[in-house]
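# Observations on chain architecture
Residue-level listing of the chains:
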Amino acid sequence: MDACNTMSLFENKIILITGGTGTIGSALVKRLANSSIREIRIFSRDEKKQEDMRMEMNNSKIVFFIGDVRDISSLELAMQGVDYVFHAAAMKQVSSCENFPMEAFKTNVIGADNVLSLAIRHGVRKAIVLSTDKAVYPTGTMGTTKAMMEKLMLAKSKTLGTTSITALCGTRFGNVLVSRASVIPRFIQQIKLGSDICLTDPQMTRFMMSVDEAIDLILAAFEHAENGDIFLRKSPCVRLGLLAQALLELYNSSVKIRIEGVRGGEKLSESLLSDEELDRTIIFGNYFRIRPHFASLDSFSLGSKMRSDFQSQAYKSLDLESTKKLLMSLDMIKKDILS
């Protein structure tokens, strides 16, 4: 994917990022802020985070809207004149979603429906919803509500057909390293405090990607996805016990690892793709492109692949040294270790 070509697509355009003060939203803002884009609208509930971003970025192209995706009236104003929408607002913490499932439903499902409905009503050219591998064979509330969001996008994209000026599509992430929902910042904090590392299960496996890779995935979907597509990236897999051990060695720490057991709503492994999606999935450079069930396939699909090729438990996990190398690519860890 040509980054320069992608950035040129934003020239003189107005974009809306829901949840724009979160890890992914703010990283997307930073990637686009110095392009020839006309305006970046940040829509979120947290005025403190908005003020922090306003002070940090100090960019007249960035405009802030206070509101909640659950409230379609507050979203309506922000959607006026928008060319592209990136829907990153969500409840993402597994435990919070399990304890308050209706709140997760209101944000992740009703909120997504509000965003997509208004994008269609206002003639937005493309709206991209950000999903998770937890939406594949979900066992918890967070994954279930994200799966519902994907279903909403697919249903609305089918209704739009091929003649609409609006295209709806999605991306599906693994665990984003050092995001607010990631275990890595929590492990590092526990190491620095000298307390035990609290680990659910050392054999638990997760697909991992950096924030930059997440933004690259979003921009790949923005440039290449058609109506109803979901883009994802085949990412390295890490066992959480090995991840904790790698951090202990990097920080030269002797704190203990305490096993707490798998929490409600969590799985030992995640899947990038479902069995049903394999026949509709094509290789697209460094990415996989899941075509909607109503689209015809004109490229090689992954139908002959076994599901285990895309399941983290069966996927070849990084060894200890490779995990350390992955961790040392992160600025927050590099700064701690090398300073």
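Residues numbered from 1 in each chain as written. Predicted model: local features only at pLDDT ≥ 70, side-chain atom pairs only at ≥ 80, totals over all residues. Heavy atoms only, no water.

Next up on the list: the side chain of Ser-179. Residue placement: Ser-179 occurs in the loop between strand E7 (175–176) and helix H8 (183–193). There is a polar contact of 3.0 Å between the side chain of Ser-179 and the backbone oxygen of Val-176. Once you skip the residues sitting within four places of it in the chain, Ser-179 turns out to touch Thr-23 and Pro-185. (Helix = DSSP H or I, 4+ residues; strand = E, 2+ residues; numbered from the N terminus. Polar contact = N/O pair within 3.5 Å; in protein donor to acceptor, adjacent residues only side chain to side chain. Contact = heavy atoms within 4.5 Å.)

For the structure on display, the rule yields 28 salt bridges. Its salt-bridge partner being Lys-192, residue Asp-336 comes within 3.0 Å of it at the nearest N-O pair. Highlighted residues: Asp-336 in helix H13 (residues 331–338) and Lys-192 in helix H8, separated in sequence by 144 residues. Under the relative-accessibility criterion, Lys-192 is labelled exposed at 55%. Lys-324 serves as the salt-bridge partner of Glu-249, at 2.5 Å between the closest nitrogen and oxygen. Here Glu-249, found in helix H10 (residues 240–250), pairs with Lys-324, found in helix H12 (residues 320–328); they are 75 residues apart in sequence, far enough to count as distant. On the basis of relative accessible area, Glu-249 is assigned to the partly exposed category, the value being 36%. Looking at Lys-324, the relative accessible area reads 16%, which means it is buried. Each of Lys-134, Arg-206, Lys-267 and Glu-270 takes part in a single network of salt bridges with overlapping partners. (Salt bridge = Lys/Arg side-chain N within 4 Å of Asp/Glu carboxyl O. Buried < 20%, exposed > 50% of the residue type's maximum accessible area, 1.4 Å probe, protein only.)

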